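Descriptive structure summary
The residues making up each chain are set out below.
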Amino acid sequence: MNSPTDTFQRLLRELRISVTDRCNFRCPYCMPKELFGAEHHFLPRSSLLSFEEIHRITTVFTSLGVRKLRLTGGEPLLRRDLHRLIAMLAEIPQIDDLSLTTNGALLTREVAEKLKAAGLKRISISLDTLDDKVFQSMNGVEFPLGQVLQSIDHATAAGLAPVKVNMVVKRGVNDQAILPMARHFRDSGQILRFIEYMDVGNSNGWCYDHVLPSVELLQRIHQEFPIEALPSNHPGEVAKRWRYVDGAGEIGVITSVTEPFCEGCTRARISAAGTLHTCLFASHGHDLREPLRSDASDEQLRQLISGWWQQREDRYSALRTQQNTIPAKIEMSYIGG
Ligand code: SF4
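Let me sum up the structure you'll find in this document. (Residues numbered from 1 in each chain as written. Predicted model: local features only at pLDDT ≥ 70, side-chain atom pairs only at ≥ 80, totals over all residues. Heavy atoms only, no water.)

Summed over the entire model, instances satisfying the criterion amount to zero disulfides. Here Cys-30 stays unpaired: no disulfide links it, and the sulfur of Cys-27, its closest cysteine neighbor, is 6.6 Å away. Cys-30 sits in the buried class, given a relative accessible area of 16%. (Disulfide = S-S within 2.5 Å. Buried < 20%, exposed > 50% of the residue type's maximum accessible area, 1.4 Å probe, protein only.)

A cis amide bond links Gly-73 to the next residue, Gly-74, at an omega of 15 degrees. Here Gly-74 is to be found in the loop between β2 (68-72) and α2 (82-90). The omega angle of the peptide bond from Ala-161 to Pro-162 is -5 degrees, so this bond is cis rather than trans. With respect to the element layout, Pro-162 can be found in the loop between α5 (145-157) and β5 (164-169). Of note, Asp-81 is a non-glycine position whose phi angle comes to about 55 degrees, a positive value. Examined against the element boundaries, Asp-81 turns out to sit in the loop between β2 and α2. (Helix = DSSP H or I, 4+ residues; strand = E, 2+ residues; numbered from the N terminus.)

Turning our attention to the site of the ligand. Around the ligand, the neighbouring residues are Phe-261, Cys-262, Cys-265, Arg-267, Arg-269, Cys-279, Leu-280, Phe-281, Arg-312, Asp-314, Tyr-316 and Ser-317. Broken down by secondary-structure element, the contributors of at least two residues to the shell around the ligand are β10 (267-270) and α10 (316-319). Of the residues belonging to the shell around the ligand, the class tally is seven nonpolar, one polar and four charged. (Near = heavy atom within 4 Å. Nonpolar A, V, L, I, M, F, W, Y, C, P; charged D, E, K, R; others polar.)

A separate point is helix α3 (residues 109-118). Of all the positions in α3, only Ala-112, Leu-115 and Ala-118 are classed as buried. For α3, the angular spread of the buried residues around the axis is 130 degrees, confining them to a single face. Within α3, the exposed residues directed more than 90 degrees away from the buried face are Glu-110 and Ala-117. Looking at the packing, one finds that the buried side of α3 touches α2 and α5. Two residues or fewer past α3, Gly-119 is found with a positive phi of approximately 125 degrees. (Arc of directions from axis to C-beta. Contact = heavy atoms within 4.5 Å.)

Another point: the pattern of salt bridges. Scanning all chains against the criterion turns up 20 salt bridges. Its salt-bridge partner being Arg-109, residue Glu-113 comes within 2.7 Å of it at the nearest N-O pair. Here Glu-113 pairs with Arg-109, and both are found in helix α3, just four residues apart, close to one helical turn. On the basis of relative accessible area, Glu-113 is assigned to the partly exposed category, the value being 38%. Here Arg-109 falls in the partly exposed class, since its relative accessible area comes to 39%. With a shortest N-O distance of 2.8 Å, Glu-224 and Arg-183 are connected by a salt bridge. Pair noted here: Glu-224 is in helix α7 (residues 214-224) and Arg-183 is in helix α6 (residues 178-185), with a separation of 41 residues, a long-range link. In this structure Arg-183 comes out as partly exposed when scored by relative accessible area, which is 43%. (Salt bridge = Lys/Arg side-chain N within 4 Å of Asp/Glu carboxyl O.)

The next subject is the packing of aromatic side chains. Applying the stated criterion to the full structure yields five aromatic pairs. Their ring planes at 75 degrees and their centres at 6.3 Å tell us that Phe-25 and Phe-135 sit as a pair that is edge-to-face. One end of the pair, Phe-25, is in the loop between β1 (14-18) and α1 (51-62); the other, Phe-135, is in helix α4 (residues 132-138), with 110 residues separating them in the sequence. When its relative accessible area of 4% is taken as the criterion, Phe-135 is described as buried. Note that Arg-186 overlies the ring of Tyr-244, its terminal NZ or CZ placed 4.8 Å from the centroid. For the cation-ring pair, Arg-320 lies above Trp-206, with the distance from its terminal atom to the ring centre recorded as 6.0 Å. (Phe/Tyr/Trp six-rings, centres within 6.5 Å; stacked < 30°, edge-to-face > 60°. Lys NZ or Arg CZ within 6 Å of the ring centre and 35° of its normal.)

Ranked by internal contacts, the top residues of the largest apolar core, which has 100 residues, are Phe-61 and Phe-194. The contact partners of Phe-194, leaving out residues within four places of it in the chain, are Met-167, Val-169, Ile-178, Leu-217, Ile-221, Ile-251, Gly-252, Val-253 and Ile-254. (Core = buried A, V, L, I, M, F, W, Y, C linked by side-chain atoms within 4.5 Å.)

Turning next to the sheet that holds strand β6 (residues 191-196). Strand order in the open sheet made by the twelve strands is β7-β8-β9-β6-β5-β4-β3-β2-β1-β10-β11-β12, with mixed pairing throughout. Here the strands that pair on one side only, and so sit at the sheet edges, are β7 (227-229) and β12 (286-287). Examined bridge by bridge, β1 and β2 share five bridges and lie parallel to one another. When the sheet's bridge partners are listed, Leu-15 is paired in β2 with Leu-69. On the sheet, α1 packs against β1, β2, β10 and β11 (275-277) and is oriented at approximately 165 degrees with respect to β1. (Pairing = 2+ DSSP bridges. Axes fitted to C-alpha atoms, helices over the stretch in contact; angles between N-to-C directions.)

It is worth spelling out α5 at this point. The terminal C-alpha atoms of α5 lie 19 Å apart, and with 13 residues this matches the ideal 18 Å at 1.5 Å per residue to within 8%. Along α5, the residues classified as buried are Leu-145, Val-148, Ser-151, Ile-152 and Ala-155. The buried residues of α5 occupy one face: seen down the axis, they fall within an arc of 115 degrees. Residues of α5 that are buried make contact with α3, β4 (122-126), α4, β5 and α6. At the C-terminal side of α5, Gly-159 shows a positive phi close to 95 degrees. (Expected span 1.5 Å × (residues − 1).)

Pasting the structure below:
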């Protein structure tokens, strides 16, 4: 079967798989503790796709053109024996990139080595500031900064380099940390990426005033450390790449709000409950778990996914400012980043 294209001729090349809706942080821009408190009901284990189901559905997606996989959550390292799933996925011959996004809280040296040995290729670790006090308030559970910094070193030492460090920049909250972060990660071999604050889900109280446009962010860095643009590594790459002119390394910016990149978006997402979403800002999805568990054949699953992809019209970020009403969106902790 040929690779399906959507209504904007976009291929299906990348699959992001959320392996759990649980997280050990409560970042206000994703999972505010007011909404995800002690009484919140997370998905029961029986509702989560099993490793065997994830492996099977991923194989079907690769027959439709998927070549890149990213494991997300919630916090994916909360899923027990995750290295076992990684080993299963790493054996799929068509997959040429297998990565994971984590908050680093559970990423010890031993875990990093286990993930690497299982076949994980790359890792992105979220870190929004180097100010321990601000960090503890931004993760909502007072988790200490030091342990996340150590997790970056563990990942690097385990050979998951270059580690990408993802910083969500919220104006008036942590934008004063941009230059300290840049100074810290220069010459480190790690790639610092600045993510524009996005209106994911419905619960982070997003407003445009809190967005620091990447062009302004890059100007702040350029004033202290001259930078120049780099070409993208591959079509549809999410981050725009820049390098320090003095050779101190690379940074990236993810400009979903001010410079949307929907025209090249080849990403699909599967929630931990097995729902297919064709956009990070989706307000609905397509259930894959039911056909998976009612003995649909691989061909039937291929037809289903291909049909849904061909109907895909998603361009949320490109249309963000033109929409009068925005339907309720699926929370990011369900869809995965
Ligand atoms: S807003 Fe949706 S369609 Fe646009 S780049 Fe993001 S995930 Fe892709």
